[in-house]
Amino acid sequence: MLNKGKILWCIWAGILVLLFLMSSTDLIIKEKKIEVYPISVIIEGDNDDYYVNFKKGMDQAAVEFHGDVSFITLYADHDQAQQMELVKREIRDGTRAVILAPVKPEEAVRKLEDMNPGCPVILLGQSPDEGTALDTIGADGREIGRLLGEAAASQAPRDVPVYLFCRGLDYGDSAQVYEGVRTVLDEKGYHYRLIERKNQDTYRQAIQETDAPGGGRITIIALDVQSLDQATRILEENTIYQGRVAGLYGAGSTTSLLRALDKGIITGMTAYNQFDEGYLSVKQAVEAIQGTHRKQQTVLEAIYVDEDRLRDKTYEKMLYPIE
C-alpha cells in the first residue's frame, strides 16, 4: 500500500510538472509566432489634418493584419525632393512596404522606377501613367471634377465667371480634377479662370478682385482639399465676401469643411470613403509583403455632397466613420 501511495504521488507530481510546462513554456506545445509587418505611410503635407478618416481605416487594418504602421509627415509642406528622400530612408531602415501620397505623381513615379525600391509601393490617388506597375488606391479625379462642374453649372448663373483654385496642376490629382471640371464648363459655355497658388495671399487677392471697378460675383471651385480649406477660411473671416461668391465648391471633405457646408459657407463638395482607402492600403501592403497580392488600380466611388445629403443617413458612415 505504501508503494502504491508513493507511485500515485509521483504520478500526480509528474502531471503537475507537465501542466506547468504546457502552460508556461513552449517546450511541449509550440505557440505559433505572429509576424508583424513594418509599413511606412508617407503623406504629401507637413500635418495630418486631411487624414483623420484615413488613419482610422489604417489603424483598423493594422490591428487585423498585424501591420506596424509608421505615419510620416514632411518637414516642409509639399516638398517632392524631401518626400523621395524619406522613401529612401524608410526602405533603408527596413520597412517592408511603402504607402505614398505623392506630392507630384508624375515625378514620383519616375523616381520610384529609377530607384527600384525592392519592396511594394502603393500610391494614394491616381497614377498619371495608366501603364504603371504600381498599386494605386483612390477616387477618380476626372469623375470628381465632373461632379463639381455639374453641380456648379446647375446652380451658378452662366454670366458669373468661375475661378478654379488649386495648388498647381502637377500636385496630387489636380490635373485630372481640372480636366473633369473644364470639360463640363466648356460644354455648358461658362467662362473660367485657373488660379494656381503662388503664396498664402493668392486666393485672397483673387476674391478681392470683386471689390475692383467692374468686378462682380464669382463662383469658386477648389480642385483640392487644401485649396477648399483655404478658400473657406477666407470667406469665414470676411462675411462681405460671402455675399460676392455665388457658390463655393470643392474636392475633399474634413470635419471642419463639413461644418462649413452645414453653415452654408460651402455650397457643395465631393467625398469618397477615406476610411476604406486607409484600410485597403494597409491590407494590400501586407498581402503584397506576403506575396499573395496582385497589383491593381483600386478606384473608390466619389459622391457629391450638399446640405441635403449631409443629413442623409446613407452617407453618414462615409463622412463620419467609426473604427
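All values reported here derive from a predicted model rather than from experimental measurement.

A. Structural context of the overall build of the chain. Per the secondary structure count, the chain includes 13 helices and 12 strands. For the chain, the proportion of its 323 residues judged to be buried stands at 47%. Taking contacts inside the chain between residues at least 6 apart in sequence as the whole, the part at least 24 apart equals 73%. With an accessible surface of roughly 17000 Å², the chain has 49% of that area assigned to carbon and sulfur atoms.

B. Geometry of the pattern of salt bridges. Considering all chains together, one arrives at 16 salt bridges under this definition. For K55, the salt bridge goes to D48, with nearest N and O atoms at 2.9 Å. Taking relative accessible area as the criterion, D48 reaches 29% and is therefore assigned partly exposed. Salt bridges here are not isolated pairs; linked through shared partners, they connect D262, E307 and R311.

C. Up close: helix α3 (residues 80–92). Between its terminal C-alpha atoms α3 stretches 19 Å, which fits the 18 Å expected from 13 residues at 1.5 Å a residue. Listing the buried residues of α3 in full gives Q80, Q82, Q83, M84, L86, V87 and E90. On its buried face, α3 sits against β1 (37–42), β2 (67–72), β3 (97–100) and α4 (105–115). The positive-phi residue at the C-terminal boundary of α3 is G94, with phi of around 105°.

D. Quick peek at the sheet that holds strand β10 (residues 268–271). The 6 strands lie next to each other as β7-β6-β8-β9-β10-β12, forming an open sheet whose pairing is mixed. Of all strands in the sheet, those with a lone pairing partner are β7 (192–196) and β12 (303–305), marking the two edges. Across the sheet, the axes of successive neighbouring strands diverge by a mean angle of 20°, strand direction being ignored. The sheet contact formed by β10 and β12 spans 3 bridges and is antiparallel.

E. Geometry of the nonpolar core. One finds F165 and I221 to be the most contacted residues of the largest nonpolar core, which totals 75 residues. If one sorts the elements of this core by residue count, helix α5 (residues 141–155) sits on top with 6 residues. Among all residues touching I221, those that are not within four sequence positions of it are L148, A152, V162, Y163, L164, F165, V181 and Y249. Among the nonpolar cores identified, the runner-up in size contains 17 residues, and V87, C119, L123 and L134 belong to it.

F. Representation of the side chain of N273 within the structure. Within the element layout of this structure, N273 appears in the loop between β10 and α11 (274–290). Side-chain polar atoms of N273 contact the backbone nitrogen of D276, separated by 2.9 Å.

G. Region of interest: the environment of G291. As for its position among the elements, G291 is in the loop between α11 and β11 (297–300). A C-alpha to C-alpha distance of 9.8 Å links G291 and P120, two positions 171 residues apart in sequence.

H. Structural detail: unusual backbone geometry. The phi dihedral of H66 is positive, around 60°, even though this residue is not glycine. Secondary-structure assignment places H66 in the loop between α2 (52–65) and β2. Classification of H66 as partly exposed rests on a relative accessible area of 34%. In the Ramachandran plot, H78 falls in the positive-phi region, its phi being about 55° despite a non-glycine side chain. Summarising the element assignment, H78 is placed in the loop between β2 and α3.

Quick notes on the rules
Sequence order as written defines residue numbering, which begins from 1 separately in each chain. Whole-chain, interface and lining totals are the exception, using all residues; otherwise, since this is a predicted model, local features are given only for residues with pLDDT of at least 70 and side-chain atom pairs are given and counted only at 80 or more. Side-chain metrics rest on all non-hydrogen atoms present in the structure, leaving aside hydrogens and water. Note on conventions: DSSP H or I runs of at least 4 residues are helices, E runs of at least 2 residues are strands, and numbering of each starts at the N terminus. Type-normalised accessible area, obtained with a 1.4 Å probe on protein chains alone, sets the label of each residue: buried when under 20%, exposed when over 50%, and partly exposed for intermediate values. We call two residues contacting when some pair of their heavy atoms lies within 4.5 Å. Per-residue and other accessible areas follow the Shrake-Rupley method at a 1.4 Å probe size, with only the shown protein chains counted as cover for residues. Salt bridges are defined by distance alone: a side-chain nitrogen of Lys or Arg within 4 Å of a carboxyl oxygen of Asp or Glu. Each residue after the first adds 1.5 Å to the expected span of a helix. By the convention used here, strands pair only if DSSP detects at least 2 bridges between them. Here an angle of 0 to 180 degrees is reported between the N-to-C directions of two axes, which are lines fitted to C-alpha atoms, with helices fitted over the stretch in contact. Here, nonpolar core refers to any group of buried Ala, Val, Leu, Ile, Met, Phe, Trp, Tyr and Cys residues whose side-chain atoms link them within 4.5 Å. Polar contacts here mean pairs of N or O atoms no more than 3.5 Å apart (in protein, one a potential hydrogen donor and the other a potential acceptor; neighbouring residues in sequence count only if both atoms are side-chain atoms).

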